[in-house]
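A closer look at the structure
The primary structure of each chain is shown beneath.
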Amino acid sequence: MAMTDDAIAHMDAKVSDEVAISIENMNKWYGTFHVLRDIDLTVYRGERIVICGPSGSGKSTLIRCINALEEHQKGAITVDGTLLSSDIKNIDTIRSEVGMVFQHFNLFPHLTILENCTLAPIWVRKIPKKEAEETAMHFLTKVKIPEQANKYPGQLSGGQQQRVAIARSLCMRPRIMLFDEPTSALDPEMIKEVLDTMIELAEEGMTMLCVTHEMGFARQVANRVIFMDDGQIVEQNEPEEFFMNPKSDRTKLFLSQILGH
Amino acid sequence: MSDTSVAFVRTESIPPSAPPTAESGVIKWVRENLFSSVTNSILTVLSLLAIYYFVFQLVGPWVANGIWDTDSRRECLERLQGETGGCFSVLTQRWHQLIFGRYPLDAYWRPTTAFILMIVAFAPVLFASLPRQLLIVTGLFPFIAYWLIWGGTILSPLSVLVGIILGYVVYSRLVDRSFATGFVGGILVAVAFWMIAGLVLGENPPAILALPEVESRDIGGFMLNMVIGVVCLSLSLPFGIALALGRQSSMPIIKFFSVIFIEFIRGVPLITLLFVASVVLAYFLPPQANFDIIVRVMIMVTLFASAYIAEVIRGGLAALPRGQYEAADSLGLDYAQSMRLIILPQALKISIPGIVNVAVGLFKDTTLVSVISMFDLVGMIRGPIVSTTDWQGIYWELYGFAALLFFVCCYGISQYSQWLERQLQTDHR
């Protein structure tokens, strides 16, 4: 996964001042359990943010709030200039602009790979079937599995399925991509192929929020790493500083545990 | 290799070879399944003897010596002289009653045509490989079938059809604004059209393409079972889906009513509902309302079946991983799209065995209408046939025939569902 300094510089150049996501004072409770506490986060267009933290720290919940898979009870989330409200039309608009990749892929098992990729463009974007199929083949080629287009998800390996899931999201031409532990359910030899796809996406300037434990990926691709614990953002910094020079004790402990073995 | 070393390197791989002959084919199957132990061998021999006795001593001679051409049971007995043998003449003499009830003899072509049309109408629904244009037949079938079986002018079913089409057009225009607007608007327009059509056509509509009318009480025999079974099953599937989704709804009122409906209907025996349909309902309807008994029974059976189907489908919905809902949501599909394209196709596939179970059960339960004095297949046997002096005392032949008819239909449904399950299997487990 080695990347040249040029590539990193190239990627940095694409981060703009335009705000993609802004989260202000967001709070969420599951019943009486306070999962997310006073989250403030601004994501600029083209930024690649990696969110890490121990399990139960609320990192998945945070990115699931951004496309309203989870409801937040307090605070404001603005995605692409649209304030997230409880209005269903508003939520569907935001969801169609924000791609999401899940830990367990969540491909539709009753549809072929191609149908998985064309379904949302055809029904949500109202794109003609032929055009949607061309787009789908374009992105399947990009994730390097065009030859699987007519198979069903159950016939593919985990890594291939996850790449299809990425292609499926890309077919909606999203402006922001959310990744919820995309490699956690994969065998070690398949992790690389998925990460390579994500790196390629990053190189093209996609705004990405990624919950992951792949610290190598964070180091190379992210331009900001956020550490969460107990539903709060504990520390955030550029990756080099974050890994070399963590400030908070909890960050130090976490890093020593996951990098130490 | 010394005793202490664990190092090992394979230099050539072992080629695959065929299994030993005693471990394959028929011999293996017989040995493993029939004669795997002494007890099993004894049981196998006893079972073979039982099968032999049943087939060659009991049923065989009864069918082989069967008599098909007498006019009464007495003649049969005289002819048999105490030998074993069935008196199947009752079937050849009374087949029209068993199949068509008291339907006018000269009009048998009408239900027969409807039956053939039904096969054509169901074909594109049951087999996805057939051309989609056939679905037009499916859409028109209910109206043609009604006209064929009950007779009368074609204007009445035609006006119902036009009302539905108008309602759908209005719905599709308004649905972009909101589903509720479209739904209510469509229904209002359809009902308005029916009322206008009812006023225009009046009590005695012009006899355009009119067939002689047949009274509902003359429709009977196996045909009545088919009519009730087919109509109620076709209606209860969409109602069941709606109820299952209603029960999962996040809207409390819809959820409340779905739960109440399902739990109430499931808690009441079908036979009570049928009595309600035949007796009690009359008290609630205005005296002049001539609400057809078959329609009343159909409503009750449909309600009953849809509650069961709703629960079966709810099981299918619950079996889907949450991730499927989330993936559909995250792509921006709205509720109707995610249900129709993602959730229901998978949930219904999981529910096929359960739905077929309800379908087969419901089809057989249509014979319960004989209890409220309708002359379906069983009603015909119990009433007009066995009670005549000619055929008094004949049971095995008649009920055997009824059982055979139902078995063929239900076995067909079951085989189809298993074929469908294999067709839809895409998960390659």
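Residues numbered from 1 in each chain as written. Chains lettered and ligands numbered in written order. Predicted model: local features only at pLDDT ≥ 70, side-chain atom pairs only at ≥ 80, totals over all residues. Heavy atoms only, no water.

Before going further, it helps to spend a moment on the overall build of chain A. A count of helical and extended segments in chain A gives 10 helices and 10 strands. Here chain A has a C-alpha radius of gyration of 18 Å; the compact-globule value for 261 residues is 18 Å, and the two agree. Expressed as lengths along the three principal axes of its C-alpha atoms, the size of chain A is roughly 55 × 45 × 35 Å. Taking all 261 residues of chain A together, 55% fall into the buried category. For chain A, contacts bridging at least 24 residues in sequence account for 68% of all contacts bridging at least 6. Surface exposure of chain A reaches about 11300 Å², of which carbon and sulfur atoms provide 50%. Where the 27 positive side-chain charges of chain A centre and where its 37 negative ones centre are 4 Å apart. (Helix = DSSP H or I, 4+ residues; strand = E, 2+ residues; numbered from the N terminus. Rg over C-alpha atoms; globule rule 2.2 N^0.38 Å. Buried < 20%, exposed > 50% of the residue type's maximum accessible area, 1.4 Å probe, protein only. Contact = heavy atoms within 4.5 Å. Areas by Shrake-Rupley, 256 points an atom, 1.4 Å probe, with all protein chains shown as cover. Lys, Arg positive; Asp, Glu negative; His and termini not counted. Charge placed at Lys NZ, Arg CZ, Asp CG, Glu CD.)

Turning next to the sheet that holds strand β10 (residues 232-237) of chain A. Residue and element names in this part refer to chain A. The strand order across the open sheet built from 6 strands is β6-β7-β8-β3-β9-β10, with neighbouring strands paired in mixed fashion. Each edge of the open sheet carries a strand with a single partner, namely β6 (98-101) and β10. Taking each pair of neighbouring strands and ignoring which way they run, the sheet shows an average axis angle of 20 degrees. Two elements, strand β3 (residues 48-52) and strand β9 (residues 224-229), share 4 bridges in a ladder whose sense is parallel. Bridged to I49 within β9 is R224. Its contacts with the sheet place helix α3 (residues 88-97) against β6 and β7 (176-180), and it is angled at close to 70 degrees to β6. Against the sheet, helix α6 (residues 158-170) touches β6 and β7, its axis set at about 170 degrees to β6. (Pairing = 2+ DSSP bridges. Axes fitted to C-alpha atoms, helices over the stretch in contact; angles between N-to-C directions.)

Let's shift gears to the state of the cysteines. Applying the stated criterion across every chain, the model contains 1 disulfide over all chains. With a sulfur-sulfur separation of 2.0 Å, B:C76 is cross-linked through a disulfide to B:C87. The chirality of the disulfide connecting B:C76 with B:C87 is right-handed, given an S-S dihedral of about 65 degrees. With B:C76 in helix α3 (residues 73-80) and B:C87 in the loop between α3 and α4 (89-100), this residue pair connects regions lying 11 residues apart in the sequence. For the pair B:C76 and B:C87, one class covers both residues: buried. Here A:C65 stays free of any disulfide, with the sulfur of A:C210 as its closest cysteine sulfur at 17 Å. For A:C65, a relative accessible area of 0% translates into the label buried. Unpaired in this structure, A:C171 has its nearest cysteine sulfur neighbour in A:C117, at a distance of 4.5 Å. Classification of A:C171 as buried rests on a relative accessible area of 4%. (Disulfide = S-S within 2.5 Å.)

Moving on, we get to the layout of surface pockets. Residue and element names in this part refer to chain B. Its volume calculated, the second largest pocket comes out at about 2200 Å³. Lining the second largest pocket are 45 residues, and of these V125, L126, L237, Y416 and L420 lie nearest its centre. Contributing elements (two or more residues each) for the lining of the second largest pocket: α5 (109-126), α6 (135-150), α9 (221-248), α14 (335-365) and α16 (396-424). Among the residues making up the lining of the second largest pocket, the classes are represented as 33 nonpolar, 9 polar and 3 charged. (1 Å grid on protein atoms, 1.4 Å probe; cavity = no way out; pocket = protein on both sides within 12 Å on 5 of 7 lines; lining within 4 Å. Points joined across faces, edges and corners; volume = space filled by probe spheres on them. Nonpolar A, V, L, I, M, F, W, Y, C, P; charged D, E, K, R; others polar.)

For the rest of this paragraph, the subject is a negative patch on the surface. A surface patch of negative charge is lined by B:D71, B:E75, B:E78 and B:D390. Among the secondary structure elements, B:D71 is positioned in the loop between α2 (38-64) and α3. (Patch = residues over 30% accessible without salt bridge, like charges linked within 9 Å, V, L, I, M, F, W, Y side chains within 5 Å. Salt bridge = Lys/Arg side-chain N within 4 Å of Asp/Glu carboxyl O.)

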